[in-house]
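These are the residues of each chain, in order.
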Amino acid sequence: MKRFSYTACSATALMTILILASVKEGASIPDPRQRDLLLREEASQQVGGRVELTVAEQRLDSFLHKLKQQEMMDLQFPPAMHFFRAKPYIQKSPVFKLLQKMPKGAVLHIHSSALASVDWLVMNVTYRPYCYICFTWSGSVQFLFSAQRPFPRWGCSSWSLLEQLRATITDIPAFDKSLMQNLTLFTEDPDVAYPNQDAVWERFEQTFIAISGLISYAPVFKDYFYQGLQQLYDDNILYLELRAGLSKTYELDGTSHDREWSIQTYKNITEQFKLKHSDFIGIRIIVTVHRVLSLSQVKQAVRDTIEMQKQYPDIIAGFDLVGREDSGNSIWYFREALSIPTEVKANLSYFFHAGETDLDGTDVDRNILDALLFNTTRIGHGFALAHHPLGKTLSRKKGVPLEVCPISNQVLKLVSDLRNHPAAVLLSEGHPMVVSSDDPTLFGTTGLSYDFYEVFVGIGGLSANVGTLKELAMNSINYSAMPSTLKDKATAMWKQKWDKFILENSP
């Protein structure tokens, strides 16, 4: 598959100028040949526009184009709706069902606390022995595994053993459904439940707290990660880069494990998974800290990550700052901490969340440029990149892709109609990007298929084609933190799966 280069884009721009220059002034009707040439040249600039399709791929492309046309004529067009309302329509979509079968390569932006489905958390984890629950004053829940009743926690009701609580409830399915609602952002009327970004982010952070009591219990931590890998694998994903805070985990007796235990557990569980799934490549971890921390705390976190990478070079990929950008500290605020690797001559890669905001012109908005100044390897979200022409140029020239997470951006109220997502312009310009899912647990999804649907049908519209899908999947391998030898292996494995997918689904 051919890839864009900056030089190629300059040549394309020159070709466009020549085409326009050849248009005769004053002509009543433009030359149809010039129009066709202009349309073809413009189409070639989009992501996947220079991918040469086989005959079978062309047949599948024509088939998908017709399916998309039918969906776009429907009054209930999913990308124009909030995802919580759109989900049942997407599940019925023939396009979505094909995308579920498609080998997607890698997922490069997903958080460890939102990896496996909420159904599994409730129906498996909360049914385990010694699982306690308390109900917070703010209307949420918290969980804790303990051999005896835990001490009371401020802001929470007294702890109840779930096994005993369920024994007193007549409608257990309804109770379990209420637990699921406390572990996701899902609501039937999202506009009323979340009237603004502050409201949805408050709920977002409460949900992470609720989940943490379940998945930080060491036995669950292991099973949860394995289940997350399984659900990604079932969605035809062969590699994972996981953003993880490496928080402490605990045992039933209250003893805790440190971050090295977590790293070793990630390695061990991945190896166990690969024994049963030989076509899964593996994982790498991007160590994260919250951007509300102090400068001294982030300095220590950067130093710690450098040491972890030295000790575990095959699994620690780099470092990132997470949390809401609008209310957290900017990348520039942490400039002294982020300069430490250069000072100590360490090769620590950055994978910054940047531009997950609509506050144009603020310090938060400038995170995009600061991320590029600190040589970020990828840009998480990059929703604001379209407002920064120089940032776009630098990102393209340096080969720094955006990790586009459309459902996350919509649920967290950056955009309502995904046809208006800024990535639509970037996709048409052939900007480097990958598709990711961010926090699937909280959005009621698994894997990447839902986000690929929103990109392919909504953001890309009828212009996006099989070449677009193919390049996006390949991008996820090419822009990963895998060493070149592993990238070659992953590429060969993905291509074999892709050819099989085309053979089985091309009409």
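Our subject is the structure that appears above.
(A) A look at the pairing of strand β8 (residues 282–290). The element β8 is largely enclosed, with a buried count of eight among its nine residues. With six bridges connecting them, strand β5 (residues 237–244) and β8 associate as parallel partners. In the sheet register, E241 faces β8, and the bridge partner there is R284. Where β8 meets strand β9 (residues 316–322), six bridges bridge the pair, whose relative direction is parallel. Residue H290 lies in a different strand from β9, and its bridge partner there is V322. Since β8 and β9 lie parallel, the crossover through helix α13 (residues 295–311) that links them has a hand, and here it is right-handed.

(B) Structural detail: the layout of surface pockets. Volume-wise, the largest pocket comes out at about 880 Å³. Taken together, 35 residues make up the lining of the largest pocket; nearest its centre are S112, S113, F208, G245 and S247. Elements that contribute at least two residues to the lining of the largest pocket include exactly α10 (197–215), α11 (218–234), β5, α12 (259–276) and β8. Looking at the lining of the largest pocket, the element that brings in the most residues is α10, giving six residues. By volume, the second largest pocket is sized at about 340 Å³. Broken down by element, the residue count for the lining of the second largest pocket peaks at three residues, all from helix α8 (residues 172–182). Looking at the lining of the second largest pocket residue by residue, the classes come out as four nonpolar, seven polar and four charged.

(C) Spatial organisation of the side chain of R284. Its place among the elements puts R284 in strand β8. Despite its burial, R284 pairs with no opposite charge, the nearest such side chain being E241 at 5.9 Å. Once residues within four sequence positions are removed from consideration, R284 is found in contact with Y239, L240, E241, L242, D314, I315, A317, A481, M482, P483 and L486.

(D) Here's a closer look at α11. Helix length check: α11, at 17 residues, gives a terminal C-alpha distance of 24 Å against a target of 24 Å (1.5 Å per residue), a fit within 8%. Listed in full, the buried residues belonging to α11 are A218, V220, F221, Y224, F225, G228, L229, Q230, Q231 and L232. Just downstream of α11 lies N236, where phi reads positive at about 65°.

(E) Fine view of the packing of aromatic side chains. The final tally for this structure, using the stated rule, is 22 aromatic pairs. Between the aromatic rings of W201 and F204, the centroid separation amounts to 4.9 Å while the plane-to-plane angle is 75°, which identifies the pairing as edge-to-face. Taken together, the residues span about one helical turn, with W201 and F204 both in helix α10 at a distance of three residues. Taken individually, W201 and F204 each receive the classification buried, so the pair is uniform in this respect. Aromatic pair Y233 and F273: ring centres 5.8 Å apart, planes at 80°, arrangement edge-to-face. Taken together, the residues span a long stretch of sequence, with Y233 in helix α11 and F273 in helix α12 at a distance of 40 residues. An aromatic cluster of at least three residues, connected via ring pairs, comprises F83, F84, F96, F186, Y450 and Y453. Across from the ring centre of F456, 3.7 Å away, lies the NZ or CZ of K68, which sits over that ring. When the ring centre of Y127 is taken as reference, the NZ or CZ atom of R166 above it lies at 3.7 Å.

(F) Molecular detail of the packing of helix α3 (residues 55–72) against helix α5 (residues 94–101). Relative orientation of the contacting elements α3 and α5 amounts to 140°, with a least axis distance of 9 Å. Taken together, α3 and α5 sit at an angle that is classed as oblique. Contacts from L60, F63, L64, L67, K68 and E71 of α3 reach α5 at P94, V95 and L98. Across the contact of α3 with α5, the residue classes tally to seven nonpolar, no polar and two charged.

What counts, and at which threshold
- Residues numbered from 1 in each chain as written.
- Predicted model: local features only at pLDDT ≥ 70, side-chain atom pairs only at ≥ 80, totals over all residues.
- Heavy atoms only, no water.
- Buried < 20%, exposed > 50% of the residue type's maximum accessible area, 1.4 Å probe, protein only.
- Helix = DSSP H or I, 4+ residues; strand = E, 2+ residues; numbered from the N terminus.
- Pairing = 2+ DSSP bridges.
- Right-handed = clockwise from strand over helix to strand, strands pointing away.
- 1 Å grid on protein atoms, 1.4 Å probe; cavity = no way out; pocket = protein on both sides within 12 Å on 5 of 7 lines; lining within 4 Å.
- Points joined across faces, edges and corners; volume = space filled by probe spheres on them.
- Nonpolar A, V, L, I, M, F, W, Y, C, P; charged D, E, K, R; others polar.
- Lys, Arg positive; Asp, Glu negative; His and termini not counted.
- Salt bridge = Lys/Arg side-chain N within 4 Å of Asp/Glu carboxyl O.
- Contact = heavy atoms within 4.5 Å.
- Expected span 1.5 Å × (residues − 1).
- Phe/Tyr/Trp six-rings, centres within 6.5 Å; stacked < 30°, edge-to-face > 60°.
- Lys NZ or Arg CZ within 6 Å of the ring centre and 35° of its normal.
- Axes fitted to C-alpha atoms, helices over the stretch in contact; angles between N-to-C directions.
- Parallel < 35°, antiparallel > 145°, perpendicular 65-115°, else oblique.

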